[in-house]
Amino acid sequence: MDEADIQRAAHEMIAAHGSHAGGQAVLRAHKLLELGDNAGFHAWTRVADAIADLERKKPKEPESKKPGSDEYYV
């Protein structure tokens, strides 16, 4: 997989699995390793790393005030 494929897979995993995307990528990597697919294992560990990078760079949502209250919620 080239870098464009890695990034595309990372975005697709996030769209499909949300906050569980990184874990799902790691599970795929280990399943491929169990099957003896070393290249697949390395590709999916790269996808997991790309997901982690994207999640770190994702802007945080601002806190907002709960209607009719002085409490804040996220």
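What this report covers is the structure whose coordinates are included nearby. (Residues numbered from 1 in each chain as written. Predicted model: local features only at pLDDT ≥ 70, side-chain atom pairs only at ≥ 80, totals over all residues. Heavy atoms only, no water.)

Next up on the list: the overall build of the protein chain. A tally of regular secondary structure across the protein chain gives three helices and two strands. In sequence order, the secondary structure elements of the protein chain are arranged as α-α-α-β-β. Partitioning the intrachain contacts of the protein chain with sequence separation of at least 6 by distance along the chain shows that 47% fall at a separation of at least 24. (Helix = DSSP H or I, 4+ residues; strand = E, 2+ residues; numbered from the N terminus. Contact = heavy atoms within 4.5 Å.)

Over its 20 residues, helix H3 (residues 38-57) runs 29 Å from end to end, which matches the ideal 28 Å to within 8%, given 1.5 Å per residue. If you check which residues of H3 are buried, you get Gly40, Phe41, Ala43, Trp44, Val47, Ala48, Ala50 and Ile51. Residues of H3 that are buried sit in contact with helix H1 (3-17) and helix H2 (21-34). (Expected span 1.5 Å × (residues − 1). Buried < 20%, exposed > 50% of the residue type's maximum accessible area, 1.4 Å probe, protein only.)

A full pass over the atoms with the stated rule returns four salt bridges. Among the salt bridges present, the one from Glu34 reaches Lys31, with a minimum N-O distance of 4.0 Å. A residue pair is termed a helical-turn pair when its members lie 3 or 4 positions apart in one helix, as Glu34 and Lys31 do in helix H2 at three residues. Owing to a relative accessible area of 64%, Glu34 belongs among the exposed residues under this scheme. (Salt bridge = Lys/Arg side-chain N within 4 Å of Asp/Glu carboxyl O.)

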